[in-house]
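Observations on the model geometry
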Amino acid sequence: MASSKGGGMEKMSVEQLKAIKEQTDLEVNLLQDSLNNIRTATSRLESASTALHDLSLRPQGAKMLVPLTASLYVPGTLDDARKVLVDIGTGYFVEKTMDEGKDYCERKINLLKSNFDQLIEVATKKKTISDEAAVILQAKLKQLAPASSS
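Residues numbered from 1 in each chain as written. Predicted model: local features only at pLDDT ≥ 70, side-chain atom pairs only at ≥ 80, totals over all residues. Heavy atoms only, no water.

In the nomenclature of an unreviewed UniProt entry, the protein chain is known as Prefoldin subunit 5 of Citrus sinensis. One UniProt comment on the protein chain, placed under Sequence similarities (unreviewed entry), says "Belongs to the prefoldin subunit alpha family." (UniProt positions renumbered as here; feature names shortened; annotations may be inferred.)

Set out below in structure tokens:
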């Protein structure tokens, strides 16, 4: 499949090859940003899953620090570890049982890992196309260089 695309690219003009290379490089960069965002989200969900597990082991009435933001904590007391609030996005929270909360985190982690694997595949294909375009472009520019100097 790669050779058939390469064969098609060899017939393209220098300008077309430059455009393909620029476009695929841009797409690869966007995919890399998406991959980084997925890594970050997965890490946060794994931390949340671990926190839920740790919370389920604490006795009722336990004193603890409750995070309001990433850097602001307030003292609190554990009332009922059987129910948790789950952030489902855009500021919406849903009350769930501890097991439902853990299940939610695991399902989201699995979804993100699946998306990550799919994006890696697409990014690899785009990078291959970009590399092929660069090689063909270099060859065409070398062919044009002697012709323009004579």
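Re the nonpolar core
Counting 18 residues, the largest nonpolar core has L45, L52, L55, L78, V84, M98 and L119 as its most contacted members. Looking at this core element by element, the count peaks at seven residues for helix α3 (residues 98–149). Once residues lying within four places of it in the same chain are set aside, the contact partners of L78 are L55, R58, P59, Q60, G61, A62 and M64. Counting seven residues, the second largest nonpolar core, distinct from the first, contains M9, L17, I129 and L137. (Core = buried A, V, L, I, M, F, W, Y, C linked by side-chain atoms within 4.5 Å. Buried < 20%, exposed > 50% of the residue type's maximum accessible area, 1.4 Å probe, protein only. Helix = DSSP H or I, 4+ residues; strand = E, 2+ residues; numbered from the N terminus. Contact = heavy atoms within 4.5 Å.)

Thoughts on the layout of surface pockets
Approximately 1,500 Å³ is the volume attributed to the largest pocket. Around the largest pocket sit 37 residues that line it, and A48, A51, P67, L85 and D87 are the ones nearest its centre. For the lining of the largest pocket, the secondary-structure elements that each account for two or more residues are α2 (14–56), β1 (63–67), β2 (73–77), β3 (83–89), β4 (92–97) and α3. Among the elements that line the lining of the largest pocket, the one with the most residues is α2, at nine residues. When its residues are assigned to classes, the lining of the largest pocket shows 24 nonpolar, four polar and nine charged. (1 Å grid on protein atoms, 1.4 Å probe; cavity = no way out; pocket = protein on both sides within 12 Å on 5 of 7 lines; lining within 4 Å. Points joined across faces, edges and corners; volume = space filled by probe spheres on them. Nonpolar A, V, L, I, M, F, W, Y, C, P; charged D, E, K, R; others polar.)

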